Amino acid sequence: MSEKRYGKPNMNNLPYELGKEIFEEILNSPKVDREARRREALELERQMLEARKKEEYGK
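The notes below deal with the structure included here.

Here the focus is the overall build of the protein chain. Helix and strand counts for the protein chain come out as 2 helices and 0 strands. For the protein chain, whose C-alpha radius of gyration is 22 Å, the value lies well above the compact-globule estimate of 10 Å for 59 residues. Dimensions of the protein chain, computed from the C-alpha atoms along their principal axes, are close to 60 × 40 × 10 Å. A burial count over the protein chain gives 3% of its 59 residues as buried.

Structure, rendered in structure tokens:
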């Protein structure tokens, strides 16, 4: 079974309007709240560690 591979998209051949829309969407998208992502990651890590302890010690 062969692995699917995809080429890198070439934006040089896009129509001007479409390229402009894409860049406007990127520039106008809301900024990522990195602190919220960090808190979420820490909470998930805590939950995974608790689950691992329960599996190991049977509590």
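There's plenty left to go through after this.
What the rule picks out here adds up to 4 salt bridges. A salt bridge links Arg46 to Glu50, with the shortest nitrogen-to-oxygen separation between them at 2.4 Å. Separated by 4 residues within a single helix, Arg46 and Glu50 lie in helix H2 (residues 34–57), roughly one turn from each other. Judged by its relative accessible area of 38%, Glu50 is partly exposed. The network of salt bridges with common partners includes Glu43, Arg46 and Glu50.

Rules behind the numbers
Position labels on residues start from 1 in each chain and follow its written sequence. Local features are withheld for residues below a pLDDT of 70 in this predicted model, meaning they are given only at 70 or higher, and side-chain atom pairs are given and counted only at 80 or more; totals for whole chains, interfaces and linings count all residues. Hydrogens and water molecules were not included; the side-chain quantities draw on all heavy atoms of the structure. A run of H or I in DSSP becomes a helix once it reaches four residues, and a run of E becomes a strand once it reaches two; helices and strands are each numbered from the N terminus. For the radius of gyration, the atoms used are the C-alpha atoms, and the globule rule reads 2.2 Å times the number of residues raised to 0.38. The classification of residues rests on relative accessible area computed with a 1.4 Å probe and restricted to protein chains. Under 20% of the type maximum is buried, over 50% is exposed, and intermediate values are partly exposed. What makes a salt bridge here is a side-chain nitrogen of Lys or Arg within 4 Å of a carboxyl oxygen of Asp or Glu, nothing more.

Keep in mind these values describe shape, not function.
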